[in-house]
Amino acid sequence: MQRTTTQTGLLYTIISNLRMFYEGSRLSYIALFHWLRPSTYLASKIIMPLNQILFFTFLGEFSGQNTRDFYVIGNAVQMAAISGIYGVTMSIGGDRWAGTLPYLFGAPSSRLVMFLGRAFFHILDGAVGVIFGLVLGVLVLGLDLSQADPLLLLLAIIAATISSSGLGLLLGSVSLVTVNVWFFNNTLYFLLLLFSGANIARDDMPAWMVAVGDILPLTRSIEAARRVAAGGSFDDISGLLTVEVLLGLFYASFGFTFFRWIEFQARRRGTIDRM
Amino acid sequence: MSIAIEVQNLRRVYRASTSILGREKKEIVAVSDVSFDIKQGELFGLLGPNGAGKTTTVKMLATLLIPTSGTATIAGYDVVHQAQKVRESIGFIFGGERGLYWRLSGEDNLRYFASLYRLDPSEAKKRIPYLIELVGLKGRENEKIEGYSRGMKQRLHIARTLLHDPDILFLDEPTIGLDPVGARELRSIVRDLQSEKKTILLTTHYMFEADALCDRIGVIKHGEIVALDTPQNLKQGVQDLSVIEMEVYGIGSEVLDKLRAQPHVDSVSLEDREQKQALVIQSSHGSEIVQDVINNLNGYRVERVVVREPTLEDAYVRLVGG
Ligand SMILES: Nc1ncnc2c1ncn2[C@@H]1O[C@H](COP(=O)(O)OP(=O)(O)OP(=O)(O)O)[C@@H](O)[C@H]1O
Ligand SMILES: [Mg+2]
């Protein structure tokens, strides 16, 4: 008897916690994501990807290094970084501008849940962005996905958004204390364009560039997406995606540690409303 | 009655850099040595001039700032070592309209903060409409708050801080910047909370507000409590005083100095009001010295001379100097 009540009690707690997490994530996404006006949102989902994909595809094709599909897939997956880096950073750093930090830091909620909640919708949104990019690629540039298992492709996409959001969580924490958030964000976005293999085949890179790519998000999910497009199976990508997700978790936990450190410093130095 | 808030020798020193490169550090003693108790259900006012240390005190009690030394317990929990427990038992607002999510509606703001206070979603569903009604925002709750007036935002802050139904509230200048009607509405909300037996620490610069609301008042100056009593007793302390108020024109500081040097004059203050000035003199001899004062103002235009009983403001002015 006792046991059933605790079990239903536990189930109830889990469900209500999940609902709280979902609600908090959804509202923080709406509250803090400045691009969330229909026009700007669509621009970020269609015009930006289209620009980038066309630009690099034509540039790449012109240089004749790789196939058209190579660039289309690389740049479509790279779209994950728009949500992951820019979106998540806004969701963490936005509290600084809203003046809500005292109320966040004064709340008894779990900081980890609060922190991860800020990324949750951007992970989903980033996946939508990559899918948009691939659809544009198919429609406009004749990307061939006939060999691809859609489910595996989706896995690669989710891994890409998780890992880039992990980096975004770190950058978001940094944005709470730096003046120029955009400098960091743009630099990283640019680094990803160069080093992740989106536009330069990793086989053609010097060793040091490969090494940089190894510690960046997206590198492995881009590779996995290309393998899936070429008809690869789960076994061909599982290793890549595992490391990709772990890398994202590493950045996220580093970001979280930094976030807690900022919170502690703010209480110690009295800078909570001066940040 | 049991103690809800206990503050002992609380002190907070800030380090601020004085040069651009931040090499030279200056120490600012914001709160020097503050002790007081607040009983359960009591409405305690903290008054003091700008920079006296009110907000710093509130921040320490609200776990947002670690004291340099001293201790404070809230509902029996230590503000440093049991911060999490303290946070669950308190609500707080810092005056002004910031601290809300402008792109969300009033209701969604409350929903978000409800999730931060771990309110069960089904509970939040009942609680939020109740609070919206309580703070008089019914009918406007679905509008984005970027379109709210200042008063509406400040009332929404009150609703926000009541989400988890805390027993203890810190209200740092809740009526700041509100028009008289808005301020009155907010005071009536505070009164409702008082009748619900909440323990409230209120800071304000409006003396009549403190007089009307507070059970006890602490006056803080340069980070130290210089008086702590009921509003009645504080006023009693200046019963020997009477206050002469007059409207004058074109008076300069040398005249004020001259007045201050007069026998039986306790304090003199001058406030500019459009073309005229309001001269306020505190004295233990009241109407007896009016003639002396007027003689000293020979050559200046003087109108509307009133001698009145001291108010809390007069008690305050005597305590903090003026
Ligand atoms: N983060 C900070 N760093 C350095 N000095 C600070 C900081 N916060 C406050 N101070 C200083 O500490 C002193 C007390 O400030 P506090 O904000 O507590 O005063 P207050 O009584 O709330 O004043 P007001 O009535 O103007 O709100 C002031 O001299 C202020 O300049
Ligand atoms: Mg203050």
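Residues numbered from 1 in each chain as written. Chains lettered and ligands numbered in written order. Predicted model: local features only at pLDDT ≥ 70, side-chain atom pairs only at ≥ 80, totals over all residues. Heavy atoms only, no water.

Asks: Tell me what's going on with the overall build of chain B, and back it up with residues and numbers.
Replies: In terms of helices and strands, chain B carries eleven helices and 14 strands. Dimensions of chain B, computed from C-alpha atoms along their principal axes, come out at roughly 70 × 50 × 45 Å. When burial is assessed residue by residue, chain B has 52% of its 322 residues classed as buried. If you sum the accessible surface of chain B, you get close to 14,700 Å²; carbon and sulfur atoms cover 47% of it. Averaged over its 41 positive side-chain charges, chain B has a centre that lies 6 Å from the centre of its 45 negative ones. (Helix = DSSP H or I, 4+ residues; strand = E, 2+ residues; numbered from the N terminus. Buried < 20%, exposed > 50% of the residue type's maximum accessible area, 1.4 Å probe, protein only. Areas by Shrake-Rupley, 256 points an atom, 1.4 Å probe, with all protein chains shown as cover. Lys, Arg positive; Asp, Glu negative; His and termini not counted. Charge placed at Lys NZ, Arg CZ, Asp CG, Glu CD.)

Asks: Break down a nonpolar patch on the surface for me, citing the residues and quoting the values.
Replies: All names here are of chain A. Taken together, the side chains of I131, V135, V138, L139, V140, L151 and L154 define a hydrophobic patch exposed on the protein surface, amounting to about 620 Å² of accessible area. For the nonpolar patch, the secondary structure elements donating two or more residues are α6 (111–141) and α7 (150–175). The element that contributes the greatest number of residues to the nonpolar patch is α6, accounting for five residues. By the element assignment, V140 lies in helix α6. The class for V140 is partly exposed, based on a relative accessible area of 47%. (Patch = residues over 30% accessible without salt bridge, like charges linked within 9 Å, V, L, I, M, F, W, Y side chains within 5 Å. Salt bridge = Lys/Arg side-chain N within 4 Å of Asp/Glu carboxyl O.)

Asks: Got a sec to walk through the site of ligand 1? Specific residues and values, please.
Replies: As a matter of local geometry, ligand 1 sits amid 15 residues, with G270 of chain A together with K54, T55, T56 and H205 of chain B nearest to it. Near ligand 1, residues from chains A and B are present, making the site a shared one. A distance of 2.5 Å separates an oxygen atom of ligand 1 from a polar side-chain atom of T56 of chain B. H205 of chain B has a polar side-chain atom sitting 2.8 Å from an oxygen atom of ligand 1. Relative to its unbound accessible area of 630 Å², ligand 1 is 76% covered by the protein chains. Within the residue set of the shell around ligand 1, elements represented by two or more residues are β2 (25–39) and α1 (54–61) of chain B. The greatest single-element share of the shell around ligand 1, amounting to three residues, is contributed by α1 of chain B. Across the shell around ligand 1, the residue classes tally to five nonpolar, seven polar and three charged. (Near = heavy atom within 4 Å. Polar contact = N/O pair within 3.5 Å; in protein donor to acceptor, adjacent residues only side chain to side chain. Nonpolar A, V, L, I, M, F, W, Y, C, P; charged D, E, K, R; others polar.)

Asks: Describe the pairing of strand β10 (residues 224–229) of chain B, with residues and values.
Replies: Two faces, one strand: in a regular strand the side chains alternate between the faces of the sheet. All names here are of chain B. Here five bridges tie strand β9 (residues 216–221) to β10, and the two strands are oriented antiparallel to one another. Within the sheet, the bridge partner assigned to K221 lies in β10 and is E224. Between β9 and β10, which follow one another and run antiparallel, lie two residues, and H222 among them has a positive phi close to 45°. (Pairing = 2+ DSSP bridges.)

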